[in-house]
Amino acid sequence: MFLLKLATLNIFRNTKRSILTMTTVFVGVFGFIMASGMVNGVEQTYVRIEIDTETAHLRVMHKRYLSEEENFPLDLILPQQRAVHSVIKKGWPTALVVPRIIFSAQLGDGEQALGARGVAIDSALAEKAFSLSRYSSSKKPLPETGKWIFVGSIIAKSFKKKIGDTLTIESRTRDGSMNADDYQIAGVISTGNMIIDGGSFYIPLKSARDLLRMPTGLTDVVVKLPKKQDALLVSTRLQKQFGAVQAQTWQDKTRTIFELNKIRRQMFNVLISIILIVAAAGMANTVLMSAFERKGEIGMMMALGMPEGRIVRLFTAEAGMLGLIGSVFGALCGGSWAYYLQVYGWDISAMVEKTYGATGQTTGLSVASFIFFDISFSTILMGIFLGVFVSLLASLWPAWRTTRFDPREVLARS
Amino acid sequence: MQLAAYCEDVSRIFRPGSNEVRALDGVTFRLHRGEMAAVAGPSGSGKTTLLNMIGCLDRPDQGKVFLDGEDISHKSKHQLAQIRNEKIGFIFQSFHLIPVLTVFENVEFALQIQGKLSVDGRKDRVMPVLEALGIAQLASRKPSEISGGQQQRVAIARALVKKPVLILADEPTANLDSKTALSIIELMVKLHQEEGTTFLFSTHDPMVMDTAPRLVHLRDGKIVSDSGEQMNKNQPKETEAGDVSA
Ligand SMILES: Nc1ncnc2c1ncn2[C@@H]1O[C@H](COP(=O)(O)OP(=O)(O)OP(=O)(O)O)[C@@H](O)[C@H]1O
Ligand SMILES: [Mg+2]
């Protein structure tokens, strides 16, 4: 107890040095918390937007569809659509099976034209599976019939269009000829998924059948299950039962993110390790310097018969205290900033637009415009623990070094 | 009278390079409880070495050192620390007070290290010592806020507070002006006379030597004169041996 008090007083003896040392620990802990918050957040954000806006839990299509996806083929339709539907419903009666036709189109207003991905969808089911109205500026679902369009917010912005305005959709039909029609904007949607906001539009399935001259057939169905963990089970069952069918789960779609994140984690680990090594070196140096500055004092303590272990503990306690203060501040700042970004998100849309262009990619993985950090109390505690642990570890050698002081030398001539 | 310290034919040999230095060369020296002695001699004569020996900071190469009747010649580093902790008070030339602690806490520090007394117990021990040394009013000041003479009083208080068998002081007045030095020595003499505290200190200062009740002169690691020798000679040999083993 008295050692702790003395240690606390001692860290104020060279305030500048103490603050500098604490700052390195601060940076390490801050960085650790922000990095974990981000990397975990990226995973969750991508999984969430993928499930909530694009794939639901499962996407079922023709076996060859994925390899030709970038051409948006309308002839590779989902085989045995009814049978697929009933197999899913039989195993998971509450599952939502949402029929879609994905097609490529030009959106135009007479002045400019923009390539975009069309999603023709059963709006009642889409509403249930994705609650599209939640993302729409109108807060109303997409009508089930009629020439209505939900257009991504970035597209709407580049056309300077709002609800009630008209856009022309021009598309190749199933038989290869061109067709065009005017659609009225029923909602401007911002989902946080750049593929949708920057490059997609929704129209009712029924009106798409006229536009694309495709009275039957779907390019895919997306399935929302009661439990997302069941996706793999459904997928294997479908693929076993239907030779010409492929099912892509939400895990399949987000796999690249997990792989990317593995690399990100390693990168951050290396970075944080470097910071912590710098912090440890600073800490060791601080303890060593203060030990040598206080040689006389240590000699006095030794002469008074203070056990060596307690002198070592005095110095490790000082390091621990510096580490604790630095870590707690780091955890407070990192924790609250990460928490802010968990609630309000980190706007990366500008970055994404630079990388992919305003319309984003049209196929593949969803792209988030906001990263929502994921920070837990245990991560914060882990950060504090890490900072204190590194500090204590770094102080062991220099603190032990004091036991090699010879009180005779120290006291004789000073 | 019991012996606080007894050196029996003690030699301490340093070997810097090939030519050995006999810092102490066959020194036999007795210090009784309640005695106050000053060690004088030219620089390099072995004063500090003798004090270190008796203060359990060093061990003899030849001969034996007894402290409070206990042979310390072959004790381990750890055991010596424990003996210092319990039995010896030190006063240092440059005070060595802890700057972040108050006067009170600096004195209390010696008791903290012993770890025997409670908070109240420590306070009951520290305050009377501060009062006896006339520094009670400075109890809550930091060392940087008091004079050199006052700092040395605090150091004396820190040595006194654990009621040691003896207090060792290696040139305790070297960092003080002569007036303050004299008052510090007079204070030590007063404590010796009134409380029976045992003191052994080294000095260069003739004025300080004059004040000491017993004066031991060292030269080249040997005792060349000892004003207390007569008293020791008068002691029958049997008693000495008995004291040592007690
Ligand atoms: N650690 C050491 N290694 C080598 N020689 C030493 C060591 N300590 C002391 N000596 C030598 O032993 C002799 C006695 O030294 P000591 O310090 O006891 O003298 P002193 O009387 O205290 O001198 P001063 O008045 O200068 O303090 C000196 O010649 C000194 O050089
Ligand atoms: Mg000396």
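Quick note: structure is the one above.
First things first, this report covers the structure right here in the doc. What you are looking at is a predicted structure, and each value in this text was computed from that prediction instead of being measured.

1. Things to note about the overall build of chain B
Then, number 1: When helices and strands are counted, chain B shows nine helices and 10 strands.
Then, number 2: Taken over C-alpha atoms, the radius of gyration comes to 18 Å for chain B, in line with the 18 Å a tight globule of 246 residues would show.
Then, number 3: If one aligns the C-alpha atoms of chain B with their principal axes, the spans along those axes are about 50 × 40 × 35 Å.
Then, number 4: Residues classed as buried in chain B amount to 58% of the 246 residues present.
Then, number 5: A separation threshold of at least 6 residues defines the contact pool for chain B, and within that pool the share at least 24 residues apart is 70%.
Then, number 6: A total accessible area of about 10500 Å² is found for chain B, and carbon and sulfur atoms account for 47% of it.

2. Describing the pairing of strand 2 (residues 96-108) of chain A
Residues and elements named next belong to chain A.
Then, number 1: Of all 13 residues in strand 2, 11 are buried; the element is thus mostly enclosed.
Then, number 2: One ladder, built from five bridges, connects strand 2 with strand 8 (residues 220-224); its direction is antiparallel. Note on strand 8: the bridge partner recorded for Arg-100 is Asp-220.
Then, number 3: Two elements, strand 2 and strand 3 (residues 113-121), share nine bridges in a ladder whose sense is antiparallel. In the strand pairing of strand 3, Ile-101 is matched with Ala-120.

3. Some remarks on the site of ligand 1
Then, number 1: Near ligand 1 there are 14 residues, and of these Ser-43, Gly-44, Lys-47, Thr-48 and Thr-49 of chain B occur at the shortest range.
Then, number 2: This site is not confined to one chain, since residues near ligand 1 come from chains A and B.
Then, number 3: One of the backbone N or O atoms of Gly-44 of chain B is found 2.9 Å from an oxygen atom in ligand 1.
Then, number 4: His-204 of chain B places a polar side-chain atom, nitrogen or oxygen, 3.3 Å from an oxygen atom of ligand 1.
Then, number 5: Its free accessible area being 640 Å², ligand 1 has 69% of it covered by the protein chains.

4. Points about the side chain of Ser-11 of chain B
All names here are of chain B.
Then, number 1: Here Ser-11 lies in strand 1 (residues 3-14).
Then, number 2: Classification of Ser-11 by relative accessible area gives buried; the value is 3%.
Then, number 3: At a separation of 2.9 Å, a polar atom in the side chain of Ser-11 contacts the main-chain amide nitrogen of Gly-26.
Then, number 4: Once you skip the residues sitting within four places of it in the chain, Ser-11 turns out to touch Arg-22, Leu-24, Asp-25, Gly-26, Pro-60, Asp-61 and Gln-62.

5. Quick word on the sheet that holds strand 4 (residues 62-67) of chain B
By way of backbone hydrogen bonds, the strands of a sheet pair with one another, either parallel or antiparallel.
Residues and elements named next belong to chain B.
Then, number 1: What the four strands build is an open sheet, ordered 2-1-4-5; its pairing is antiparallel. Both edges of this open sheet fall to strand 2 (21-32) and strand 5 (70-71), since each of them pairs with a single strand only.
Then, number 2: In this sheet, strand 4 lies alongside strand 1 in antiparallel orientation, the contact comprising five bridges. When the bridges of strand 4 are listed, Glu-8 appears paired with Lys-64.

6. Focus on the environment of Ala-4 of chain B
Residue and element names in this part refer to chain B.
Then, number 1: Relative to the helices and strands, Ala-4 resides in strand 1.
Then, number 2: On a C-alpha basis, the gap between Ala-4 and His-204 in space is 24 Å, while along the polypeptide they are 200 residues apart.
Then, number 3: Those residues in contact with Ala-4 that sit more than four places away from it in its chain are Leu-31, His-32, Arg-33, Phe-66, Leu-67, Asp-68, Val-165 and Thr-198.

Quick notes on the rules
Note on numbering: residues in each chain are counted from 1, in written sequence order. As a convention, the first chain written is A and the first ligand written is 1, with the rest following in written order. Totals for whole chains, interfaces and linings use all residues, but because this is a predicted model, local features are given only for residues with pLDDT of at least 70 and pairs of side-chain atoms are given and counted only at 80 or more. Each side-chain value is derived from all of the structure's non-hydrogen atoms; neither hydrogens nor water enter the calculation. Helix and strand assignments follow DSSP, with helices taken as H or I runs no shorter than four residues and strands as E runs no shorter than two, numbered in order from the N terminus. For a compact globule the rule gives 2.2 Å times the number of residues to the power 0.38, and the radius of gyration it is set against comes from C-alpha atoms. The buried label applies to any residue whose accessible area, calculated with a 1.4 Å probe on protein chains only, is under 20% of its type's maximum; exposed applies above 50%, and partly exposed to all values in between. Should any heavy atoms of two residues lie within 4.5 Å, those residues are considered in contact. Computed with the Shrake-Rupley method and a 1.4 Å probe, the accessible areas treat only the protein chains shown as cover for residues. Two strands pair if DSSP finds at least two bridges between them. We call a residue near a molecule or strand when any one of its heavy atoms sits within 4 Å of it. Definition of a polar contact: a pair of N or O atoms within 3.5 Å, with one able to donate and the other able to accept a hydrogen when the atoms are protein atoms, and with sequence-neighbouring residues admitted only if both atoms are side-chain atoms.

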